[in-house]
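# Notes for the structure review
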Amino acid sequence: MQDEKDIPVDIHTNKLLEWLISRRHCNREWNDKILVVRRKINDAIQDMPESEEISNILSGSYINYFHCLLIVEILKDTESDTKNFFGRYSSQRMKDWVEIVNLYKKDNIYLAEAAQFLIRNVSYEIPALKRRLIKVQTMQEECQTKACNCVKRGNDLKERYNVMCNQLRIEGKDIKSELVKVANRDLPSALEEIVKLTHNLSDAVSYYDAFAQYTQSSETIKTCPLLSHIIEKGNTTTYEWRYGKKPTAIEEPQTESVVSKAGEESNEDAIDFGETIDFGGDQIDFGTEPTTNDGIDFGSEEEPFEIVDVISNEPVVDVAKGPDALLVLENKKTRDSFSNELLELEAFLDQRDRKSVV
């Protein structure tokens, strides 16, 4: 037959402390007595040996009865040299903590404290942890969903990137240099094709010029000068378009070096203005009266100036540099002018066509 001491008793958690007091396992004044124990603990922790285990125990926010038992077991090792012939310890540390354990056991104060901890954990701490756990699990699921979406989005963008690279006929490892190579390879043929197509606009440009000259009574008007230049002479240099003659030498700008320099400049974090200029502490004296001795002598007003023409004997060399060395369809400014003239010619022809229909 089972012993009565081993028979379990079902007690509601919130009524555990009341049950211990009603069954006289604990005293009703245990709250006052626990204050004495807490003061003893606060005094005892001021003098503790250097031990990692004790440091971990004392790092907690609250030291209870079970912590005190662990500290006593650790002190049995650290204070073993203070043990006398009768098995007692002469160390004050051991005496203090043994006294604390005995105070806990007196009137079963440790049971009341443990019951209070259990009620608090079951009623408040554990439900709060459950709610926090559910919230964290929800956040985890959302993060996993977002991570899957980001991976899918990344794969889609990678596929689009590869498709665009294939359309541009580049590998996509060094986009700037590869695009420059593609432009240097394909751009000349594309510009030549544009020049060939402009020859078909010769009659339209002549008609536009004749119309403008007739309406404004002037034979010197050129409505589309750049377009006429390309039809007549082709895709020449900007220098020839501006000055009306071919250059004797051309210094072409290096496209790849320009791209690399632009990339290096974009990587600079901040503008370096150099050292601070020291203007000094003294004020600048601008003077209050005009001076005659220190001024610049421009000579007498009656003496005439002599103009000398300086003529250099060196031969004039027509060198196209910078933007002037570019072709008119490669130069951004002239290319924009070319596009504007095409739009202007299109608008003129559309207007004349509408009027002819009317």
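Just so we're clear, the structure is a prediction, and the values are computed from it rather than from any experiment. (Residues numbered from 1 in each chain as written. Predicted model: local features only at pLDDT ≥ 70, side-chain atom pairs only at ≥ 80, totals over all residues. Heavy atoms only, no water.)

### Some details on the overall build of the protein chain
Note the following rule: By the criteria applied, helices consist of DSSP H or I runs no shorter than four residues and strands consist of E runs no shorter than two, each listed in order from the N terminus. Any residue under 20% of the maximum accessible area for its type is buried, any over 50% is exposed, and the rest in between are partly exposed; the area is computed with a 1.4 Å probe on protein chains only. By the convention used here, residues are in contact when the closest approach between their heavy atoms is within 4.5 Å. Only the protein chains shown count as cover for residues, and all accessible areas are computed by the Shrake-Rupley method using a 1.4 Å probe.
Per the secondary structure count, the protein chain includes 12 helices and 2 strands. Listing every helix and strand of the protein chain by position from the N terminus yields α-α-α-α-α-α-α-α-α-α-β-α-β-α. The buried share of the protein chain, taken over its 358 residues, is 23%. Intrachain contacts of the protein chain at a sequence separation of at least 6 include 65% that bridge at least 24 residues. With the model as given, the accessible surface of the protein chain reaches about 28800 Å², and the carbon-plus-sulfur share is 52%.

### Digging into the side chain of Thr 223
So the rule is basically this: For the purposes of these results, a polar contact is taken to be a pair of N or O atoms within 3.5 Å, where, inside protein, one atom must be able to donate a hydrogen and its partner to accept one; residues adjacent in sequence count only when each atom of the pair is a side-chain atom.
Within the element layout of this structure, Thr 223 appears in the loop between helix H8 (202–216) and helix H9 (225–233). Classification of Thr 223 by relative accessible area gives buried; the value is 13%. A distance of 2.4 Å separates a polar atom in the side chain of Thr 223 from a polar atom in the side chain of Asp 209. What Thr 223 contacts, discounting residues up to four positions off in sequence, is Val 205, Tyr 208, Asp 209, Ala 212 and Glu 344.

### Remarks on the pattern of salt bridges
Counted only if it meets this: Just to be clear on terms, a salt bridge is a Lys or Arg side-chain nitrogen sitting within 4 Å of an Asp or Glu carboxyl oxygen.
Counted under the stated rule, the structure contains 11 salt bridges. Across the pair Asp 186 and Arg 169 runs a salt bridge, and its minimum N-O distance is 2.3 Å. Taken as a pair, Asp 186 in helix H7 (residues 175–198) and Arg 169 in the loop between helix H6 (109–168) and H7 lie far apart in primary sequence, 17 residues in all. Overall, the relative accessible area of 54% leaves Arg 169 in the exposed class. By sharing partners, the salt bridges in this structure join Arg 169, Arg 185 and Asp 186 into a single network.

### Brief notes about unusual backbone geometry
We note that Asn 108 has phi near 55°; this positive angle belongs to a residue other than glycine. Along the polypeptide, Asn 108 turns up in the loop between helix H5 (92–105) and H6. Judged by its relative accessible area of 24%, Asn 108 falls in the partly exposed class. A positive phi angle, close to 60°, is found at Arg 169, a residue other than glycine.

None of the figures reported here should be taken as evidence of function without further support.
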